Number of protein chains: 4
Amino acid sequence: MDAIGKRRWAIAEGYIPPQSTGTSRELVSHEAACILNAGDDPAQIAITIFFKDRSPAGPYRVAVPARRTLHLRFNDLRDPEPIPPGTDYASVIESDVPVVVQHTRLDSRQAELALLSTIAYGTD
Amino acid sequence: MDAIGKRRWAIAEGYIPPQSTGTSRELVSHEAACILNAGDDPAQIAITIFFKDRSPAGPYRVAVPARRTLHLRFNDLRDPEPIPPGTDYASVIESDVPVVVQHTRLDSRQAELALLSTIAYGTD
Amino acid sequence: MDAIGKRRWAIAEGYIPPQSTGTSRELVSHEAACILNAGDDPAQIAITIFFKDRSPAGPYRVAVPARRTLHLRFNDLRDPEPIPPGTDYASVIESDVPVVVQHTRLDSRQAELALLSTIAYGTD
Amino acid sequence: MDAIGKRRWAIAEGYIPPQSTGTSRELVSHEAACILNAGDDPAQIAITIFFKDRSPAGPYRVAVPARRTLHLRFNDLRDPEPIPPGTDYASVIESDVPVVVQHTRLDSRQAELALLSTIAYGTD
């Protein structure tokens, strides 16, 4: 399939809820960048995390194979450093081939979950 | 009415919740691609589903008549294969005429429902 | 202020929940098109509603004065006909000057509310 | 990092819920514009608030340093005037350098929270 998307994406909203009521991985509070690489070449991706009052963190490097999707949880990023929960952040996601990025949060701080999602801001 | 929209759309986020608390069709957990064909020609649509660790599924074929909207539930796709619940996926929606695609999920795994929606990523 | 936005907008998702648990106007289930006219000229707006299996309804006509916003509830549309609750629909919003349109739903069918929102699809 | 984004953004939806059930700052009902300035120059930002039936308020002025993000709560704006809760509004956010703006609301009027988020409408 022809590649679809852009090479640079920004998500201005980021926040990992510090608590959860869910115990399964599915229902633990999390924040995700869903990345689709519909094209025929693998995507090498670099993520930079921005904060309110300190220097950016990263780059975090992930790969998305050709014709695959990766629903990346920011909670799972470890190298070079974890993102602290309960802290406002933002992210820029850069790829060497066109991809599509969508932002989703599941918040289970309270007994019932809340969801948000939006397409990220994409450019070349 | 003049056609409005794009011919290729991508939804990078996809997840059919594996359980529901709702019993009516309206309140069963579902994931939908809402497709609007505002123009005067019928739309022939092909949907391809992407996964994390297997080859894409599809194409799934649907038609949207001229001046009509279709709120397509991914849960309902059967041919060539159903989409497994509880699995991360993404989708590309291709049309022979311009359409507009919006992504919505109703999650009723817990007693109270949660909603998300976003415009998809569109291009020509 | 210089006008900002586009003249044609589409919202592919539309659904007025048939029940509410809220009793105040704020907490009654509703679906809204939030329209911003930031420019110095009044906006004359025509809304067309699309369905799955019948001809479109409308146009519904509203005006948004210069430098004002209108959070229009689809529930409130009456002329030429009300939109039936519990029915899938979509909408096209056409303006004679640039405006910005955002789609929001508050669903209070169950005891706790759910929210969704997305920027609409805009073009000229 | 190269700057990313646009210089003018609009959020057509705005509403500060008049009540909260949360007592912590995190869980108080709030409405935010998340602004990312990924570039190497500081951003000077002017926000104008539009209403249904009165003249716009503002400009409210904030700065976002280079390579930083600001998750600005509309509830916190005070100069030249606070935004009244329980009132429909919209906003235009203008920056002297490219930024990315995303809109988020946490609604905790009822016991369980609801979330919405969308990328704003951006232009130059």
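The following refers to the structure shown. (Residues numbered from 1 in each chain as written. Chains lettered and ligands numbered in written order. Predicted model: local features only at pLDDT ≥ 70, side-chain atom pairs only at ≥ 80, totals over all residues. Heavy atoms only, no water.)

Helix and strand counts for chain A stand at zero helices and eight strands. Beginning at the N terminus, the succession of helices and strands in chain A can be written as β-β-β-β-β-β-β-β. Excluding contacts between residues fewer than 6 apart, the proportion of contacts in chain A whose partners are at least 24 apart in sequence is 73%. Of the roughly 4500 Å² that chain A leaves accessible, carbon and sulfur atoms contribute 46%. (Helix = DSSP H or I, 4+ residues; strand = E, 2+ residues; numbered from the N terminus. Contact = heavy atoms within 4.5 Å. Areas by Shrake-Rupley, 256 points an atom, 1.4 Å probe, with all protein chains shown as cover.)

Another aspect to go through is the interface of chain C and chain B. The interface is formed by 37 residues belonging to chain C together with 32 residues belonging to chain B. Taking both partners together, chain C and chain B bury about 2600 Å²; carbon and sulfur atoms supply 63% of that area. Connecting chain C to chain B are zero salt bridges. For the pair chain C and chain B, the interface holds eleven residue pairs in polar contact (both at pLDDT 80 or more). If you list the elements that add at least two residues to the side of chain C that touches chain B, you get strand E1 (6-11), strand E3 (43-51), strand E6 (89-107), strand E7 (114-119) and strand E8 (121-123) of chain C. Residue contributions to the side of chain C that touches chain B peak at eight residues, all from E6 of chain C. (Buried area = accessible area lost by both parts, 1.4 Å probe. Salt bridge = Lys/Arg side-chain N within 4 Å of Asp/Glu carboxyl O. Polar contact = N/O pair within 3.5 Å; in protein donor to acceptor, adjacent residues only side chain to side chain.)

Rotating chain C by 90° and translating it 0.0 Å along the rotation axis places it on chain B, where the RMSD comes to 0.0 Å. Viewed as a symmetry operation, the transformation between the two copies matches a four-fold axis. (Least-squares fit on C-alpha atoms with pLDDT ≥ 70 in both.)

On to the environment of Pro-84 of chain A, then. Residue placement: Pro-84 of chain A occurs in the loop between strand E5 (68-73) and strand E6 (89-107). For the pair Pro-84 of chain A and Pro-17 of chain A, spaced 67 residues apart in sequence, the C-alpha separation works out to 9.8 Å.

Once that is clear, we can look at the interface of chain D and chain C. Contacts between the two partners involve 37 residues from chain D and, on the opposite side, 32 residues from chain C. Counting the surface lost from both chain D and chain C, the interface buries some 2600 Å², and carbon and sulfur atoms represent 63% of this. Where chain D touches chain C, the interface holds zero salt bridges. Where chain D meets chain C, there are twelve residue pairs in polar contact (both at pLDDT 80 or more). Where the side of chain D that touches chain C is concerned, the elements lending two or more residues are strand E1 (6-11), strand E3 (43-51), strand E6 (89-107), strand E7 (114-119) and strand E8 (121-123) of chain D. In terms of residue count, the dominant contributor to the side of chain D that touches chain C is E6 of chain D (eight residues).

Quick look at the nonpolar core now. Considering soluble globular proteins, one finds that nonpolar side chains tend to be buried as a cluster. By size, the foremost hydrophobic cluster in this structure holds 148 residues, and its most contacted members are Phe-74 of chain A, Phe-74 of chain B, Phe-74 of chain C together with Phe-74 of chain D. Sequence-distant contacts of Phe-74 of chain C, defined by excluding residues within four places in its chain, comprise Ile-11, Ile-16, Glu-31, Ala-32, Ala-33, Ile-47, Ile-49, Ile-83, Tyr-89 and Ser-91 of chain C. (Core = buried A, V, L, I, M, F, W, Y, C linked by side-chain atoms within 4.5 Å. Buried < 20%, exposed > 50% of the residue type's maximum accessible area, 1.4 Å probe, protein only.)

A separate point is the pattern of salt bridges. Residues and elements named next belong to chain A. The tally for this structure, following the rule as stated, stands at 24 salt bridges over all chains. The salt bridge involving Glu-81 is made with Arg-54; its shortest N-O contact spans 3.0 Å. Here Arg-54 lies in the loop between strand E3 (43-51) and strand E4 (57-64) and Glu-81 lies in the loop between E5 and E6, a separation of 27 residues in the sequence. Because the salt bridges share partners, they merge into one network encompassing Glu-13, Glu-31 and Arg-105.

Now for the environment of Val-64 of chain B. Residues and elements named next belong to chain B. Looking at the element boundaries, Val-64 is found in strand E4 (residues 57-64). When the C-alpha positions of Val-64 and Thr-48 are compared, they lie 17 Å apart, and in sequence the two are 16 residues distant. Among all residues touching Val-64, those that are not within four sequence positions of it are Ile-35, Asn-37, Pro-42, Ala-43, Ile-45, Thr-69 and Leu-70.

The way to describe two aromatic rings as a pair is by their centre distance and the angle between their planes. Residues and elements named next belong to chain B. Evaluated as defined, the whole model comprises eight aromatic pairs over all chains. With a centroid separation of 5.5 Å and an interplanar angle of 65°, the aromatic rings of Phe-74 and Tyr-89 are classed as edge-to-face. In this pair, Phe-74 sits in the loop between strand E5 (68-73) and strand E6 (89-107) while Tyr-89 sits in strand E6, placing the two residues 15 residues apart along the sequence. Take Phe-74: its relative accessible area is 1%, and that puts it in the buried class. (Phe/Tyr/Trp six-rings, centres within 6.5 Å; stacked < 30°, edge-to-face > 60°.)

Our focus in this paragraph is the environment of Pro-17 of chain D. Positionally, Pro-17 of chain D belongs in the loop between E1 and strand E2 (30-37). Judged by its relative accessible area of 5%, Pro-17 of chain D falls in the buried class.

Interpretation note: all reported values are geometric properties and have no functional meaning in isolation.
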